[in-house]
Amino acid sequence: HTAARDLTSTLIGDRAGGWDLAGELPVAVLRELGRRGALCAQVPVEFGGLGLSSADNGELTAHTGGLCSSVRSVQTSQGMAAWSISRFGDPEQRRRYLPRLTGGRLAAVAFSEVDAGSDLSAMTTRIEVAGDEAVVTGEKVWTTAAGYADLILVVGRSGSGAAVAVVPRDSPGVRLTRVPHPSGCRAAGHADVRLDAVRLPVSAILGGGGHDLSMLVTAMLLYGRMSVAWGCVGILRECLRVSATHVRSRSQFGTELARHQLVSRHLAELLVAEQVATRACEHASRCWDAGEPGLVAAVVLAKQVSSQNAARGAATAVQLLASRAAHDGSPVARAYRDAKLMEIIEGTTEICQLVLADHVLATAG
Ligand code: FAD
């Protein structure tokens, strides 16, 4: 993953703060990252991907997350789309769509609706299949990367089950409205997506549909949760780096900030937060790469620990930089806003806790 890491460093550089303020990423940067396979790096080489393990893709995702959580959000969406196509698409769909995603086309994944947030069983979007045609009707909200996407994977009810439709952004009946002024990951292209009787060939329905909604959503979110968890590790590493530099470079009361014991405690807590999150992610990625049965719980645990640690860790970094982090251009101020949203997406902290509690009950005694 070294080449993809270097490419990410070069293309993002020190521009994330400006993109955050503008609320927009340069599409050329996203397309270049996509074309070089860095946005969905686990896609096998035969489909034009880098064929990375979950562990190596995780480190790449952490690297991106440390530089720019908005780009990392796009990376999470693209990776989740590719994973969903690999998991639920038939061989022909994999051959059709995956090379597009490793060739510079961008994708988003739409589950949430106004009245179906944590409770996705309340979704009302319909994917009706009749003969060789499918019709998609519904309204999705907060779709990350939709503002840049060429393809939107839309999850909806279909017959008595559920399906995923791969909807080209320029299909008649698709209308996007950008989410105005998000509080974090401001440049990630979040949009509400309205689908007015969007007509597609039935070959755009992954695997032909007929899935159980809960199983479908859990399987698709597996990648998103893993990716967000690693992205949070990147946020923690960046907060540690910036904090350590700052407390060595500034003095108060005649001594370096780093020499005040209450300041050192903050650094120690940040290190613990980063290391614990890293270990949880490494464990989940090991389960992923080995195909272990405890994978779902390990990924939810990693997402839960990493997002909570990142939200707390970024708050600690703001405390350490004090007035230097009290403005929008500061990287830790950005980390603070971005990290808080990581406790909300891909299953809120509370939903992750419910999943983990169910896991305890299912495996105890
Ligand atoms: P609600 O479900 O209304 O929850 C409100 C509060 O109640 C939360 O604290 C929640 O934990 C708690 N709560 C709800 N039910 C329970 C319960 N049973 N027990 C305990 N507590 C509970 N969606 C997509 O489909 N695709 C995307 O790409 C995407 N990207 C996003 C990016 C960002 C930055 C954000 C903010 C959201 C994104 N979303 C996306 C939507 C996201 O998945 C939802 O916001 C999330 O699932 C929570 O839903 P909600 O906001 O409606 O909150």
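Small disclaimer: the values here were computed from a predicted structure and weren't measured.

Chemist: Got a minute to help me understand the overall build of the chain in this structure?
Modeler: The helix and strand tally for the chain stands at 11 helices and 9 strands. Here the chain has a C-alpha radius of gyration of 20 Å; the compact-globule value for 365 residues is 21 Å, and the two agree. With respect to the principal axes defined by its C-alpha atoms, the chain has extents near 80 × 55 × 40 Å. For the chain, with 365 residues in total, the buried portion stands at 55%. For the chain, the computed accessible surface area is about 15,400 Å², with 54% contributed by carbon and sulfur atoms. Charge centroids of the chain, computed over 36 positive and 35 negative side chains, lie 5 Å from each other.

Chemist: So what exactly am I meant to see when it comes to the nonpolar core here?
Modeler: Inside soluble globular proteins, nonpolar side chains tend to come together where they are buried. Membership of the largest hydrophobic core comes to 116 residues, with the highest contact counts inside it found for Leu25 and Phe111. Among the elements that make up this core, the one with the highest residue count is helix α7 (residues 213-249) (20 residues). Look past the residues within four positions of leucine 25 in its chain and what remains in contact with it is Trp19, Leu30, Cys68, Ser70, Val71, Val74, Tyr148 and Ala187.

Chemist: Quick question: what am I supposed to make of the pattern of salt bridges here?
Modeler: A side chain with one charge may pair with a side chain of the opposite charge, provided their charged atoms come close. By the definition in use, this model includes 21 salt bridges. Across the pair arginine 178 and glutamate 24 runs a salt bridge whose closest N-O atoms are separated by 3.3 Å. Of this pair, arginine 178 sits in strand β6 (residues 174-178) while glutamate 24 is found in the loop between α2 (16-22) and α3 (27-35), placing the two residues 154 residues apart along the sequence. Judged by its relative accessible area of 35%, glutamate 24 falls in the partly exposed class.

Thresholds applied
- Residue numbering note: each chain is counted from 1, following its sequence as written.
- For a predicted model such as this one, the threshold for reporting local features is a pLDDT of at least 70, and the threshold for listing and counting side-chain atom pairs is 80 or more; totals across whole chains, interfaces and linings nevertheless cover every residue.
- Values reported for side chains reflect all heavy atoms of the structure, with hydrogen atoms and water molecules removed beforehand.
- Secondary structure counts use DSSP, requiring at least four H or I residues in a row for a helix and at least two E residues in a row for a strand, with both numbered from the N terminus.
- Note on method: radius of gyration uses C-alpha positions; expected globular size equals 2.2 Å times residues raised to 0.38.
- A 1.4 Å probe rolled over the protein chains alone gives each residue an accessible area, and that area as a share of the maximum for its type sets the label: buried under 20%, exposed over 50%, partly exposed in between.
- Only the protein chains shown count as cover for residues, with accessible areas throughout obtained via the Shrake-Rupley method and a probe of 1.4 Å.
- None of His or the chain ends enter the tally, which takes Lys and Arg as positive and Asp and Glu as negative.
- Charge positions come from single atoms, namely NZ of Lys, CZ of Arg, CG of Asp or CD of Glu.
- We define the nonpolar core as a collection of buried residues of types Ala, Val, Leu, Ile, Met, Phe, Trp, Tyr and Cys that are connected through side-chain atoms lying within 4.5 Å of one another.
- In this analysis, two residues are considered to be in contact whenever any of their non-hydrogen atoms come within 4.5 Å of each other.
- Think of a salt bridge as a Lys or Arg side-chain nitrogen and an Asp or Glu carboxyl oxygen that are within 4 Å of each other.

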